[in-house]
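Next come the chains, spelled out residue by residue.
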Amino acid sequence: MLRSSLTAGTKVLVAAMPILLGASAALAQDAAPEAAPAVEAVAAVSTEAQFILNTFSFLVCGALVMWMTAGFAMVEAGLVRKRSVGAQCLKNIGLFAIACIMYLLVGYNLMYTDVTGYIGSFTFLYGPSDAELALIGGGEDTAAVVENGYAVMSDWFFQVVFVATAASIISGTVAERIKIGPFFLFVAILTGFIYPIAGSWQWGGGWLSEMGFSDFAGSTLVHSVGGWAALAGAILVGPRIGKFGPGGRINPMPGSSLPLATLGTIILWMGWFGFNGGSQLALGTAGDAAAMANIFANTNLAACGGVVAVMVLMSIMYGKIDLTMVLNGALAGLVAITAEPLNPSPILATIIGAVGGVIIVFTVPLLDKLRIDDVVGAVSVHLFAGVWGTMAVPLSNGDTSFVTQAIGVVAYGVFTFVCSLVVFGIIKMIMGLRLSEEDEAMGIDQTELGMEAYPEFGQTSAA
C-alpha cells in the first residue's frame, strides 16, 4: 500500500514538473535583481565557518604530527641494539613532554610575539585570548573570537609538535651512549630558546622572511635545525665503543628490529601529511582545500621517489638492497619536499624526493668515513636532504632565489651548530655527556632505566 501510494505521488509530481519549472522561471526573472545578493550570501563561507574549519585543520594536522613521535620512537627502537631500546622509547616520550612545556613557558613568545627581526618577546607563558576565555565561560561575543581566523591554542598546538620533531632528530643520532639527564637538559634549551629564536627569523616574520627566504613547512627551519644540533651532539659525545677500528675500519652494529624500524617509517610517512598539509595554515576556502590536496599528493610522491631511487641505486652499486637505507630514503624524500610541497608538479615532487634518497646513499657512508657515529642516519636524512629541499624551492616557486635560499641555509646552520656546540660543551663540562665504558658495555637500559625492553627475549620460562 505504501509503495503504491509513493508511486502514484511520484507520477503526479512528474506531471506537474513543467508547470512548476515554468512558474519558477517566471518568478526568477521578475525577482532576479533582489535575489542575486541572497544567492551570493549563501555561496560564501561565513567568518565563523572559516574559523571552525581553520581550527579543525590545526588540531587534526597537529595530532598527525604528534603521531610522528611514535614514528621516531619506533624507528630508533628498531635501529639501536636490544640493550638500548627502552632508553630510546623513554627519550622520545620525554622530549615531547619537555618540548611542550618549554614552548608554552617561553618558546612560542620568542618565536611569534613582537618579533623585531631576530627575536621575539621574552614574556613568560602563552595562553588563550581574553575573548576566547570569555566565550568559553558563557559569553556571547563570538565576533571578537572568530575575527582571529582560528582558535589561539590550536595554533600553539600545531606549532609545538614541530618543535618536538626537531628535538626527536637528535635522539637517534646520539643514541646508545649519551646519558638521559644531559640529553633532556639539552632538549629543554633547544626547544625553549634555540629553535624559537631561529624560527622567528622566518615564520615569525623576521629578517629572513623580509628578505624573501621561503621554507613552507620546515626543511631547514625544523629538519636542518634538528640535523645541525644532532651533528654537534654526535661530535662532542663521540662514537659508540667499537664502532670504528684502526685503519679506517667501520664495524656494523645491526639494530634490534627491522620490522619496528619499518613500522616507524610508515608512521612518520603518515604523520607528514599533517606536517606539510597543515602548513597551508587554513582550510576555510575552496582554494585552501585544493592547495592541501596538492600538498598531500606531492608529499606522498616525494617519499615514493626517495624509496625507488634508493632501491635502484643500491642495486646498481652493491647488488643488494639495504632495508635501512630504503627506509631513510623515504624519510629523505619527505624532508626534501617539506620546503615547498605546494607548487611543484607531481613529477617534479617525485624527482625532488628521489634526489633526497640519492643524497643519503652517499652521505651515510661519508659520515662513517669521517668517524661521526650517527646511529639512525638522522643527520643525512634531516640535515643534508633538508638543505637540498630548501635549495630546490626556486625550481617551482618563482618568488624565491637561490641566493636568498642559500643565505637562509647558512644562517640557520651557523646559528644552530654553534649554539648546540656551546650548550653541549657546557653540559659536558658540568655533568658529562656520555656513559662510562662499563655502563655503555652493559647497556643504557640497565644502567639508566634499570630495566630491559625485552627481558625474556631468547629465554625459556622456568615455569
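Undergrad: Would you explain the overall build of the protein chain in this entry?
TA: Across its full length, the protein chain carries 17 helices and 0 strands. Relative to its 463 residues, the protein chain shows a buried fraction of 49%. Partitioning the contacts of the protein chain with sequence separation of at least 6, the portion at a separation of at least 24 is 78%.

Undergrad: Would you explain helix 15 (residues 402-431) in this entry?
TA: It helps to recall that an α-helix has 3.6 residues per turn; residues three or four apart then point in one direction. Over its 30 residues, helix 15 extends 43 Å from the first C-alpha to the last, a length consistent with the 44 Å expected when each residue adds 1.5 Å. Phi for Gly432, located one or two positions after helix 15, is positive at around 80°.

Undergrad: Any chance you could explain unusual backbone geometry here in plain terms?
TA: In terms of backbone geometry, most residues other than glycine have negative phi values and most peptide bonds are trans. Even without a glycine there, the phi angle at Glu176 is positive, about 80°. Take Glu176: it is sitting in the loop between helix 6 (152-173) and helix 7 (180-200).

Undergrad: Even after reading the chapter, I still don't get the nonpolar core, so can you show me in this structure?
TA: Across soluble globular proteins, nonpolar side chains show a tendency to be buried alongside one another. In terms of nonpolar packing, the biggest core is built from 97 residues, with Ile170 and Tyr195 touching the most fellow members. Counting residues per element, this core draws most heavily on helix 6, at 11 residues. For Tyr195, the residues in contact, after removing those within four places along its chain, are Met111, Phe162, Val163, Ala166, Leu190, Trp203, Leu221, Val222 and Val225. Core analysis: the next-biggest nonpolar cluster, separate from the first, contains 6 residues, Ala302, Ala336, Ile352 and Ala392 among them.

Undergrad: Before we go on, may I ask you to explain the packing of helix 11 (residues 286-318) against helix 12 (residues 323-337) in this structure?
TA: Each packed pair of helices is defined by two parameters, the angle between the axes and the distance between the axes. Interaxial distance between helix 11 and helix 12 falls to 7 Å at its minimum, and their mutual angle equals 140°. Relative to helix 12, the element helix 11 lies oblique. The hand of the helix 11/helix 12 crossing is right-handed. Residue-level inspection shows Asn298, Thr299, Ala302, Ala303, Gly306, Val307, Val310, Met311 and Met314 of helix 11 in contact with helix 12, the latter providing Met325, Val326, Gly329, Ala330, Gly333, Leu334 and Ile337. Residues belonging to the contact of helix 11 with helix 12 are distributed by class as follows: 11 nonpolar, 5 polar and no charged.

Undergrad: Whenever I open this one, the side chain of Thr173 confuses me. Can you help?
TA: Within the fold, Thr173 resides in helix 6. Excluding anything up to four places from it in sequence, Thr173 contacts Ala230, Ala234, Asp373, Asp374, Val375, Val376, Ala378 and Val379.

Undergrad: So what exactly am I meant to see when it comes to the side chain of Arg240 here?
TA: Its location among the elements puts Arg240 in the loop between helix 9 (219-237) and helix 10 (258-277). There is a polar contact of 2.7 Å between the side chain of Arg240 and the side chain of Asp373. Among residues more than four places away in sequence, those in contact with Arg240 are Arg81, Ala175, Glu176, Arg177, Met253, Asp373, Val375, Arg434 and Glu440.

Undergrad: Help me out: how do you make sense of a nonpolar patch on the surface in this one?
TA: On the surface, a nonpolar cluster with roughly 850 Å² of combined accessible area is contributed by Leu185, Val410, Val414, Val418, Val422, Ile426, Met429, Ile430 and Met431. Examining the composition of the nonpolar patch, we find that 8 residues originate from one element, helix 15, more than from any other. The residue Val422 is located in helix 15 in this model. The class for Val422 is partly exposed, based on a relative accessible area of 45%.

Undergrad: Could you clarify how one ought to interpret the packing of aromatic side chains in this entry?
TA: Given two aromatic rings, one states the distance between the centres and the angle between the planes to describe the pair. This structure, assessed with the given rule, holds 18 aromatic pairs. Seen in terms of ring centroids, Tyr103 and Tyr108 are 5.7 Å apart; in terms of plane orientation they differ by 80°. Their pairing is edge-to-face. According to the relative accessible area criterion, Tyr108 is buried, its value standing at 6%. These aromatic residues form a ring-pair network of at least three members: Phe58, Tyr150, Phe158, Phe162, Trp203, Trp272 and Phe275.

Undergrad: I tried to follow the pattern of salt bridges on my own but got confused; where do I start?
TA: Where side chains of opposite charge bring their charged atoms close, a pairing between them can arise. What the rule picks out here adds up to 4 salt bridges. The partner of Arg240 in a salt bridge is Glu176, and the shortest N-O contact between them spans 2.8 Å. With Arg240 in the loop between helix 9 and helix 10 and Glu176 in the loop between helix 6 and helix 7, this residue pair connects regions lying 64 residues apart in the sequence. Side by side, Arg240 and Glu176 carry an identical accessibility label, which is buried.

Undergrad: I'm lost on the environment of Asp141 in this one. Help?
TA: Mapped onto the fold, Asp141 is located in the loop between helix 4 (130-136) and helix 5 (142-146). For Asp141, a relative accessible area of 49% gives the class partly exposed. Looking at Asp141, its side chain comes within polar contact range of the main-chain nitrogen of Ala144, at 3.5 Å.

Undergrad: Honestly, the environment of Val423 in this entry has me stumped. Any pointers?
TA: Within the secondary structure layout, Val423 lies in helix 15. Taking the relative accessible area as the measure of exposure, Val423 reaches 15% and is therefore buried. Separated by 238 residues in sequence, Val423 and Leu185 place their C-alpha atoms 9.5 Å apart.

Undergrad: It is not clear to me how the confidence of the model for the protein chain should be interpreted in this structure. Could you clarify?
TA: For residues with low pLDDT, the predicted coordinates do not support detailed interpretation. Per-chain confidence: the protein chain averages 90 in pLDDT, with 89% of residues scoring 70 or above. For the stretch residues 1-43, pLDDT sits under 50, and the model shows 1 contact to residues farther than four places along the chain or on other chains. Predicted confidence is poor over residues 458-463, with pLDDT under 50, and the contacts of this stretch with residues over four places away or in other chains come to 0 contacts.

Undergrad: Mind showing me how you'd approach the environment of Val335 here?
TA: Relative to the elements of secondary structure, Val335 occurs in helix 12. Accessibility expressed as a relative area gives 0% for Val335, which makes it buried. Separated by 18 residues in the primary sequence, Val335 and Gly353 have C-alpha atoms spaced 8.1 Å apart. Sequence-distant contacts of Val335, defined by excluding residues within four places in its chain, comprise Ser219, His223, Trp272, Val381, His382, Ala385 and Gly386.

Criteria and cut-off values
- Residues numbered from 1 in each chain as written.
- Predicted model: local features only at pLDDT ≥ 70, side-chain atom pairs only at ≥ 80, totals over all residues.
- Heavy atoms only, no water.
- Helix = DSSP H or I, 4+ residues; strand = E, 2+ residues; numbered from the N terminus.
- Buried < 20%, exposed > 50% of the residue type's maximum accessible area, 1.4 Å probe, protein only.
- Contact = heavy atoms within 4.5 Å.
- Expected span 1.5 Å × (residues − 1).
- Core = buried A, V, L, I, M, F, W, Y, C linked by side-chain atoms within 4.5 Å.
- Axes fitted to C-alpha atoms, helices over the stretch in contact; angles between N-to-C directions.
- Parallel < 35°, antiparallel > 145°, perpendicular 65-115°, else oblique.
- Left-handed = near helix turned anticlockwise from the far one by under 90°.
- Nonpolar A, V, L, I, M, F, W, Y, C, P; charged D, E, K, R; others polar.
- Polar contact = N/O pair within 3.5 Å; in protein donor to acceptor, adjacent residues only side chain to side chain.
- Patch = residues over 30% accessible without salt bridge, like charges linked within 9 Å, V, L, I, M, F, W, Y side chains within 5 Å.
- Areas by Shrake-Rupley, 256 points an atom, 1.4 Å probe, with all protein chains shown as cover.
- Salt bridge = Lys/Arg side-chain N within 4 Å of Asp/Glu carboxyl O.
- Phe/Tyr/Trp six-rings, centres within 6.5 Å; stacked < 30°, edge-to-face > 60°.
- pLDDT = per-residue confidence, 0-100.

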